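One-letter residues, chain by chain:
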Amino acid sequence: MYRYDEFDHTLVAERIATFRRQVQRRLSGDLTEDQFKPLRLMNGLYLQLHAYMLRVNIPYGCLSARQLRQLAYIARRYDRNFGHFTTRQNIQYNWIRLDETPDVLAALAEVEMNAMQSSGNCVRNITADQYAGRARDEVEDPRPWCELIRQWSILHPEFSYLPRKFKIAVSGAPVDRAAVKFHDVGLYLRRNADGVVGFEVIAGGGQGRLPYVGHTIRDWLPKEDLLSYLEAILRIYNLGGRRDNPQKARIKVQVNALGPDEFRRLVDEEWAQIRRSALLAVPRAEIERIAAYFADPAWEVLADDPVAVTRQRGVDPGFDDWYRANVVAHRTPGYAIVNLSLKAPGIAPGDLTADQMDKVADLADRFSIGELRVSHRQNLVFPDVRQGDLPALWQELRALSLATPNIGQLTDIIACPGLDFCSLANARAIPVAQDLSRHFGDAAVLQDVGELTINISGCMNACGHHHVGNIGILGVEKNGQEFYQLTLGGSSGEDASLGDRLGRSISAADVPPAIDAIVARYRALRLADERFLDTYRRVGIEPFKEAVYGARAREVA
Amino acid sequence: MTGQMILANRLTDGRVVFLAADGRWVDDIAGGAVATAPGVASQLLATARVAESRNAVIEPCLIDIRQVAGHRQPVAWREAIRATGPTVRTDLPA
């Protein structure tokens, strides 16, 4: 993992000292709320419905056991004993006091974490594939490049007041597990025709009120040109992005208004200027220095598929279900990537209590070389588990309710905090997710249905990624009541697509039966092992519309 | 009974508070002042604005309330959740 150097430590310490003074000035009345709000947002502090919320960066989803223990301490000492992992690989605390926030930031700094730029109109936390450095299908580890972008973008003087927030995701694998095409800038590490690794650059993706799949604006970019090219994109956006209407201020609006070809031309023109100075060319020595932090651990020489695991799978269906759903192939023989599901029946997606955090940290030390990952689907990952340890780890995770065998399946639901916490929301998201996870709790049903994602947002801002759920659920408010609009056919993967609206919105009570009807229709229509998404793309929306609305009397206008 | 109350977030911790008749800010909706006439509501809002300018609270606003089963309840669902807290994670200590 990356470790802070003296510059990082100094930067973060100075930032906390500055914010501590700003908080004191706010509490003493020297700053008004209007003056203070942009300052607190730059430090990740929001005011939500019930209290302040602090969003903490987990850079590209990488977390050490030591850091997780500190997050547990913060949850216990300063919050209500839990934290919420988000779709941007951050953690949010929902009950932080303003006057204690500088102390929380200081506690984070003790373990080399911070909340800088987790809000505001700047470059946000850089996100990545949660299997980075371990996936068998990976072209190259994206983490050193994420760290490079992080260092370049933190307190970048030119990009501290962008028209709107700016999100960057990086994947080193052809299978997209990071929703790359739905970011302001998305990067895939790819080989060109000569076998040289560089970046495919995608711009203008995003969700929210105006969802777009990003456009490829450069098929292949040499790695040493990454920062100069990003600088060119940010500069064109900073100069030309709309500032008159926050709803239309993201780069996706600019890219799609200009058209990808014209946007590309502007970027290339700017890039040519920037490249005249070699200032932003990435020196090989620097990326190698950063990459050394992500060097492979000292894996043992082991064989795949140890007999004890194969035997256990044969005699214990519960273990076998978990193995098939939550265990992923590792690029090193004898090791496995293990997903910890934060989606047990009835649990708020992405929530983890302080006690669970402490115990997971202990398990990470015991089973995963002290390292974890956070996924954008709001789960945790142990990246380096010896296959022979899987039965013992499974038992431990079961005791913590973190072994639900549902990764990528019907109850692995993404949900934003919704109206239970968020001041922007129109409807609750968490209770809908809880109902669905209880309703579809049968492991046999989950297995039979297979890959099917459900994403729930409490408003059009789409923090719950409803546009890209195979089934999307959007909370809306009508005459003071909550209703839910369904979309079908979304995908955040390399086959990215936006969901199609199914029909009129329905009540919360009608959501589980509606999903039942959709799933039943899929099971009736699918061919062999066809995924839900593929069936939907083959047969279209009409059979599902008929399944939900045709046979149901309680439809709401 | 229907009426209006002042709801805001307290500056120091962000918690939801209600303006009481004596000018204090209280955590419990039951302790807040209820205006049943437009003139009274304006007075409450003016008091709240002074408190805001003195940095006691943030974004005070008037909300409509009604009596449900003997208890005051905000009419709007959003404000009802603000008044009583999240409907989830009730298993954890406040």
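Residues numbered from 1 in each chain as written. Chains lettered and ligands numbered in written order. Predicted model: local features only at pLDDT ≥ 70, side-chain atom pairs only at ≥ 80, totals over all residues. Heavy atoms only, no water.

Caption draft 1: Main features of helix α14 (residues 430–439) of chain A. Residues and elements named next belong to chain A. A large share of α14 lies buried, amounting to 7 of its 10 residues. Burial in α14 covers these residues: I430, P431, V432, A433, Q434, L436 and S437. Buried positions along α14 lie against β16 (414–415), β17 (454–457), β18 (471–478), β19 (481–488) and α16 (511–525). (Buried < 20%, exposed > 50% of the residue type's maximum accessible area, 1.4 Å probe, protein only. Helix = DSSP H or I, 4+ residues; strand = E, 2+ residues; numbered from the N terminus. Contact = heavy atoms within 4.5 Å.)

Caption draft 2: Fine view of the interface of chain B and chain A. Across the boundary between the two partners, chain B contributes 22 residues, which contact 31 residues of chain A. Applying the counting criterion to the chain B and chain A interface returns 2 salt bridges. Residues R97 of chain A and D13 of chain B are paired through a salt bridge, measuring 3.7 Å at the closest nitrogen-oxygen approach. The interface formed by chain B and chain A includes 12 residue pairs in polar contact (both at pLDDT 80 or more). Broken down by secondary-structure element, the contributors of at least two residues to the side of chain B that touches chain A are β1 (2–10) and α2 (77–84) of chain B. Ranked by the residues each element gives to the side of chain B that touches chain A, the list is headed by α2 of chain B, at 4 residues. Of the residues in the side of chain B that touches chain A, the class split is 10 nonpolar, 6 polar and 6 charged. (Salt bridge = Lys/Arg side-chain N within 4 Å of Asp/Glu carboxyl O. Polar contact = N/O pair within 3.5 Å; in protein donor to acceptor, adjacent residues only side chain to side chain. Nonpolar A, V, L, I, M, F, W, Y, C, P; charged D, E, K, R; others polar.)

Caption draft 3: Region of interest: the confidence of the model for chain A. For chain A, the average pLDDT comes to 96, and 99% of its residues sit at 70 or higher. With pLDDT under 50 throughout, residues 553–557 of chain A is counted as low confidence; its partners more than four residues away or in other chains account for 9 contacts. (pLDDT = per-residue confidence, 0-100.)

Caption draft 4: Representation of the sheet that holds strand β13 (residues 351–353) of chain A in the model. All names here are of chain A. One open sheet accounts for 5 strands, arranged β1-β2-β5-β4-β13; its pairing is antiparallel. Because the sheet does not close on itself, it has two edges, and the strands there are β1 (45–47) and β13. Geometrically, the sheet is characterised by an average inter-axis angle of 30 degrees between neighbouring strands, direction not taken into account. Strand direction decides the pairing type here: β1 and strand β2 (residues 52–56), joined by 3 bridges, are antiparallel. The partner of Y46 across the bridge, within β2, is M53. Together, β4 (82–85) and β5 (91–96) form the strand contacts of helix α3 (residues 65–78), whose direction differs from that of β5 by roughly 20 degrees. (Pairing = 2+ DSSP bridges. Axes fitted to C-alpha atoms, helices over the stretch in contact; angles between N-to-C directions.)

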